[in-house]
Amino acid sequence: MQEAIQKGFKLSMADPKILKEGINAISELITEANLRIKPQGLELVSMDPANVSMVIFRVSSAAFTEYKASEEQTIGLNISNLKQILRRLKADDLLSMELKEGMLQIASVGNVTKTFKLPLVELEEKEQKVPDLKFPLSVSLPSSLLIDAIEDADIVAESVSFAAEAQKFCMTAQGDTSNANIEILKGENIRIEIEGDAKITSKYSIEYLKKMVSGAKLSDTAIIQFGKDYPLKLQFKGENAGLAFILAPRVDND
């Protein structure tokens, strides 16, 4: 950790929304994580405490008005505390981040200048590996449509089954006394790419999905990839940032 502190970095961003919304969504699943400052941009990859989901957040150096980080560095942060600080920034504030006296200094400059110092957290510096998943299908749809569908399913059950075939994507929730079925047809704003003609189904936790779709503020489009009883990948891609989640399937024990 001391090595990272000695290297130092300085980052400035004219629009803090990317960081604010990304960290806000991440905080739904994890409380502490390593932030890697690479020459090409920021990266955060972490598993949730239950090892059910993974979050992958990347922000390109192009998103910053100033990006000084010649060598890769890693700092451990309390994500909940970072979220609280970023929430205090206004949309038109200039955000800057750098290491000062062994702490992360976050400053916002607007009509009022604010400076916060966040202590670093000692975490294992071993880099989390993103699993190499192969998906037989990909569904792209408006983020708002996905949020509505998950809220519909949440009314009746704790889990939801995803199913896709060439012309439609379905979400089905089965409760003790009621059920919900949402059918989304392929169209101009809804693209379905699938290998073969077979219908593919898998079940996932609604509790986790509700937390993940908070990342929709980064993009109007959600990309869903999954396979039969296989992990799901949910992505929100912005111009200079991307937020992705990987979620383990729920397999019923008959």
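Sequence order as written defines residue numbering, which begins from 1 separately in each chain. Given that the model is predicted, a residue must reach a pLDDT of at least 70 before its local features are reported, and side-chain atom pairs must reach 80 or more before they are shown or counted; all residues, however, enter totals for whole chains, interfaces and linings. Only heavy atoms go into the side-chain values, all of them from the structure, while hydrogens and water stay out.

Enquirer: Please explain the pairing of strand S8 (residues 103-109) as it appears in this structure.
Expert: In the case of a regular strand, side chains alternate between the two sheet surfaces. A 1.4 Å probe rolled over the protein chains alone gives each residue an accessible area, and that area as a share of the maximum for its type sets the label: buried under 20%, exposed over 50%, partly exposed in between. Strands here mean DSSP runs of E at least two residues long; helices mean DSSP runs of H or I at least four residues long; both are numbered from the N terminus. Buried residues dominate S8, accounting for 5 of its 7 residues. The pairing of strand S7 (residues 94-100) with S8 spans 7 bridges and is classified as antiparallel. Across the sheet, the residue bridging to Glu98 is Gln105, located in S8. Counting the residues between successive antiparallel strands, the hairpin from S7 to S8 contains 2 residues, one of them, Glu101, with a positive phi of roughly 55°. Only strands joined by at least two bridges in the DSSP assignment are considered to pair. As paired elements, S8 and strand S9 (residues 113-119) share 7 bridges and run antiparallel to each other. Paired with Gln105 across the bridge in S9 is Lys117. Counted between consecutive antiparallel strands, the loop separating S8 from S9 contains 3 residues.

Enquirer: Just to check I follow, could you spell out the pairing of strand S3 (residues 41-47) for this structure?
Expert: Of all 7 residues making up S3, 6 are buried, and the element is well covered by its neighbours. In the sheet, strand S2 (residues 32-38) pairs with S3 via 3 bridges, with the strands oriented antiparallel. Looking at the pairing, Lys38 lines up with Gly41 of S3. Joining the antiparallel neighbours S2 and S3 is a turn of 2 residues.

Enquirer: Looking at this structure, I do not really get the pattern of salt bridges. What am I missing?
Expert: Pairs can form between side chains of opposite charge once their charged atoms are near each other. In what follows, salt bridge is the name for a side-chain nitrogen of Lys or Arg lying within 4 Å of a carboxyl oxygen of Asp or Glu. Scanning the entire structure with this criterion turns up 9 salt bridges. The salt bridge partner of Lys168 is Glu183, with a shortest N-O separation of 3.3 Å. Of this pair, Lys168 sits in strand S12 (residues 168-174) while Glu183 is found in strand S13 (residues 179-185), placing the two residues 15 residues apart along the sequence. Take Lys168: its relative accessible area is 24%, and that puts it in the partly exposed class. Exposure remark for Glu183: the relative accessible area of 44% places this residue in the partly exposed category. Linked through salt bridges whose partners overlap, the residues forming this network are Lys38, Glu43 and Arg58.

Enquirer: Sorry, what's going on with the packing of aromatic side chains here?
Expert: Geometry of an aromatic ring pair is reported as the spacing of the ring centres plus the angle between the planes. Note on aromatic contacts: the rings of Phe and Tyr and the six-membered ring of Trp form a pair at centre separations within 6.5 Å, being stacked when their planes are under 30 degrees apart, edge-to-face when over 60 apart, and tilted otherwise. For the coordinates displayed, the defined rule picks out 7 aromatic pairs. Ring geometry for Phe162 and Phe169: centres 5.4 Å apart, planes at 90°, overall edge-to-face. Among the residues examined, Phe162 registers a relative accessible area of 1% and is labelled buried. Each ring, one from Phe162 and one from Phe226, has its centre 5.8 Å from the other, and the planes form 70°; the classification is edge-to-face. Of this pair, Phe162 sits in strand S11 (residues 159-165) while Phe226 is found in strand S16 (residues 221-226), placing the two residues 64 residues apart along the sequence. When sorted by exposure, Phe162 lands in the same class as Phe226, which is buried. Pairwise contacts between aromatic rings join Phe162, Phe169, Tyr204 and Phe226 into one cluster.

Enquirer: Any chance you could explain the side chain of Lys83 here in plain terms?
Expert: As for its placement among the helices and strands, Lys83 is situated in helix H3 (residues 79-86). The convention is simple: Lys and Arg are positive, Asp and Glu are negative, and His and the chain ends are not counted. Buried and unpaired, Lys83 has no salt bridge, with Glu28 as the nearest side chain of opposite charge at 5.2 Å.

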